[in-house]
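# Understanding the architecture of this molecule
The primary structure of each chain is shown beneath.
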Amino acid sequence: MAEALYPAIEPYRTEHLDVGDGHRLYLEQSGNPEGLPVLVLHGGPGGASTPRLRRFFDPARYRIVCFDQRGCGKSLPVGERHANDTRAQLADIERLRGHLGVARWLLFGGSWGATLALLYAGSCRDRCLGLLLRGSFLAERADLDWFFHGAAGMVPDAWAAFEARVPRGDGESVMAACLRVLGDDDAPEAAAVAAAWFAWESTLARPWQRPPVAAASSSSGALASYRLQAAYLTRQCDLHDGEVLEAAAAAGDLPAALVHGRLDLVCRPMASWSLWRTMPQARLRLVDQAGHDSFPSGMAKALTEAADRFAADGHFAGLGSEWFRR
C-alpha cells in the first residue's frame, strides 16, 4: 500500500438509505463532519467502495462520503438489475446530497465512477465544487471493443487464456459471449466466465504483473457483480458515443484534476487527454509506470496531492509542473 495515503480510519456513521424501486444504498461518512464534503464514486459498473478509498483525503479537512451503488457491495438487494441503470444512479447521487444536507461537493471517481461524476457534473453543475478523476472511462463503443478485443495485442498470452475459457457460438465474439452468458441467470458457465473476465481485467490493470492475480471467487457476490456489469455493458451503459464528453463540456469551468496511468490498458489514457482538452480549468497528470490501479505510489501520490491542493485552495491551479494545464 502506498505511503502517500492517509492512515486508515473508520466511518463515524453508516446507514442504508431507501432510494425507491426496492433499492437500499449502503452509505458511510468518515473524517470531519464539518469538513469539505467529497463524494467517492466507485468503479464498475458492479464494483463497490472499499476502506482504502477514504485514505486519499485528509480526515481533518474532509467530510468523506462513500456509498455502494445500486446492487453493489453492501447495498441491497445485492446484484439487483431491476431499476438499475445510469439515470437511476445519477438520481441517487442527488438523493444522497439532499439526505446529507450538502449544498455542493467535490466529486471523486475512478473508471466508471469518473463516468458518473462527469455525467452528474454536466447536469448538476451548480451542486459541484470540482472533479478529481482517475482512469476515466468514456463508455464509448470503441472503449468496449478495446477492452474485449483491441487490448489482446498488448498481452496476447493473457488474451489466449481468456478466450479459451469463454464458450462461444459460431461467429460469436468474446464480448458478445461474455454478455450473453452472464445475462442468463440459468447459464451453468456463468461462474467460470466471471472468473475469466476478472483475470483478464486484472492483467490489463497491471500488465507487468506475472502471473495474473488469482481468479475471482465463484461466490454469489462476485458473480452478481459481473452479471450487473454485463447488463450495463450490453446497453453501452445507457449512453451514446460522445455523451460523457458532452457532459464534460457542460460542466464548464469547474475545477478538475485528471489522473491517468500511462500504462492503463483498461481505460486508455486518451480518455483523460480528451477530457483535458474539453475542460478549460482541468489539470492532467499522466503517471509513469502506472496502470489502472489507484494505489501504487505514483498514482496515490498524485491523487492525494490533488486532494490536498483542493482542500487548501478550492481549485487545482497550484498543482506543479508535472501537471498539464491549458
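Remember, it's a predicted structure, so these values are computed and weren't measured experimentally. (Residues numbered from 1 in each chain as written. Predicted model: local features only at pLDDT ≥ 70, side-chain atom pairs only at ≥ 80, totals over all residues. Heavy atoms only, no water.)

## Quick notes on empty space enclosed by the protein
Tallying each qualifying case throughout the model produces one cavity of 30 Å³ or more. Roughly 40 Å³ of volume is contained in the largest cavity. If you go around the largest cavity, the residues you meet are Ser136, Phe137, Leu138, Asp143, Trp146, Val266, Cys267, Arg268 and Ala271. Here the lining of the largest cavity is built from residues that sort into six nonpolar, one polar and two charged. (1 Å grid on protein atoms, 1.4 Å probe; cavity = no way out; pocket = protein on both sides within 12 Å on 5 of 7 lines; lining within 4 Å. Points joined across faces, edges and corners; volume = space filled by probe spheres on them. Nonpolar A, V, L, I, M, F, W, Y, C, P; charged D, E, K, R; others polar.)

## Considerations on the sheet that holds strand E8 (residues 282–287)
Taken together, the nine strands give an open sheet; going across it, the order is E1-E2-E4-E3-E5-E6-E7-E8-E9, and neighbouring strands pair in mixed fashion. Strands with a single pairing partner mark the edges of an open sheet, and in this sheet they are strand E1 (13–20) and strand E9 (324–325). Sheet topology places E8 next to E9; two bridges connect them, and they run antiparallel. Counted as the bridge partner of leucine 284 is phenylalanine 324 from E9. (Pairing = 2+ DSSP bridges. Helix = DSSP H or I, 4+ residues; strand = E, 2+ residues; numbered from the N terminus.)

## Here we look at the pairing of strand E7 (residues 256–261)
Among the six residues that make up E7, six are buried, leaving the element largely enclosed by the rest of the structure. Of the two faces of E7, both are covered, the one formed by Ala256, Leu258 and His260 as well as the one formed by Ala257, Val259 and Gly261. One ladder, built from six bridges, connects E7 with E8; its direction is parallel. Along E8, the bridge assignment pairs valine 259 with arginine 285. As for the winding sense of the linkage, the β-α-β connection from E7 through helix H9 (residues 270–278) to E8 is right-handed. (Buried < 20%, exposed > 50% of the residue type's maximum accessible area, 1.4 Å probe, protein only. Right-handed = clockwise from strand over helix to strand, strands pointing away.)

## Observations regarding the side chain of glutamate 15
Relative to the helices and strands, glutamate 15 resides in strand E1. A polar atom in the side chain of glutamate 15 sits 3.0 Å from the side chain of histidine 99. If sequence neighbours within four positions are ignored, glutamate 15 has contacts with Leu25, Tyr26, Leu27, Gln29 and His99. (Polar contact = N/O pair within 3.5 Å; in protein donor to acceptor, adjacent residues only side chain to side chain. Contact = heavy atoms within 4.5 Å.)

## Comments concerning the confidence of the model for the chain
Per-residue pLDDT for the chain has a mean of 94; in total, 96% of the residues score no lower than 70. For the chain, the element scoring lowest by mean pLDDT is helix H7 (residues 220–234), at 91; strand E4 (residues 62–67) scores highest, at 99. (pLDDT = per-residue confidence, 0-100.)

## Regarding the packing of aromatic side chains
Taken as a whole and assessed by the stated rule, the structure comprises 15 aromatic pairs. A connected cluster of aromatic rings, assembled from ring pairs, spans Phe56, Phe57, Tyr62, Phe108 and Phe295. Lying over the aromatic face of phenylalanine 295, arginine 52 brings its terminal NZ or CZ to 3.8 Å of the ring centre. Over the face of the ring belonging to tyrosine 232 we find arginine 235, whose NZ or CZ atom lies 4.9 Å from the ring centre. (Phe/Tyr/Trp six-rings, centres within 6.5 Å; stacked < 30°, edge-to-face > 60°. Lys NZ or Arg CZ within 6 Å of the ring centre and 35° of its normal.)

## Re the packing of helix H6 (residues 190–205) against H7
Where H6 meets H7, the closest approach of the two axes is 10 Å, and the angle between their N-to-C directions is 75 degrees. Put simply, H6 runs roughly perpendicular to H7. Listed contacts from H7 to Ala190, Ala191, Ala194, Trp197, Phe198 and Glu201 of H6 are Leu223, Tyr226, Arg227, Gln229, Ala230 and Leu233. Considering only residue class, the contact of H6 with H7 consists of nine nonpolar, one polar and two charged. (Axes fitted to C-alpha atoms, helices over the stretch in contact; angles between N-to-C directions. Parallel < 35°, antiparallel > 145°, perpendicular 65-115°, else oblique.)

## Re the nonpolar core
Within the largest apolar cluster, 83 residues are counted, with the highest numbers of intra-cluster contacts made by Trp105, Leu131, Phe162, Leu182, Trp197 and Trp200. Among residues more than four places away in sequence, those in contact with tryptophan 197 are Phe147, Phe148, Phe162, Cys178, Leu179, Leu182, Tyr226, Gln229, Ala230 and Leu233. The next biggest cluster of nonpolar side chains, apart from the first, holds 27 residues, and it includes Val38, Phe295, Leu303 and Phe310. (Core = buried A, V, L, I, M, F, W, Y, C linked by side-chain atoms within 4.5 Å.)

## With respect to unusual backbone geometry
Between glycine 44 and proline 45 the backbone carries a cis peptide bond, its omega angle lying at -5 degrees. Along the polypeptide, proline 45 turns up in the loop between strand E3 (36–41) and E4. In this chain, leucine 76 is followed by proline 77 through a cis amide linkage whose omega measures -10 degrees. The residue proline 77 is located in the loop between E4 and helix H1 (86–100) in this model. Phi angles above zero are rare outside glycine, and glutamine 236 is one such case at about 50 degrees. Its location among the elements puts glutamine 236 in the loop between H7 and helix H8 (243–250).

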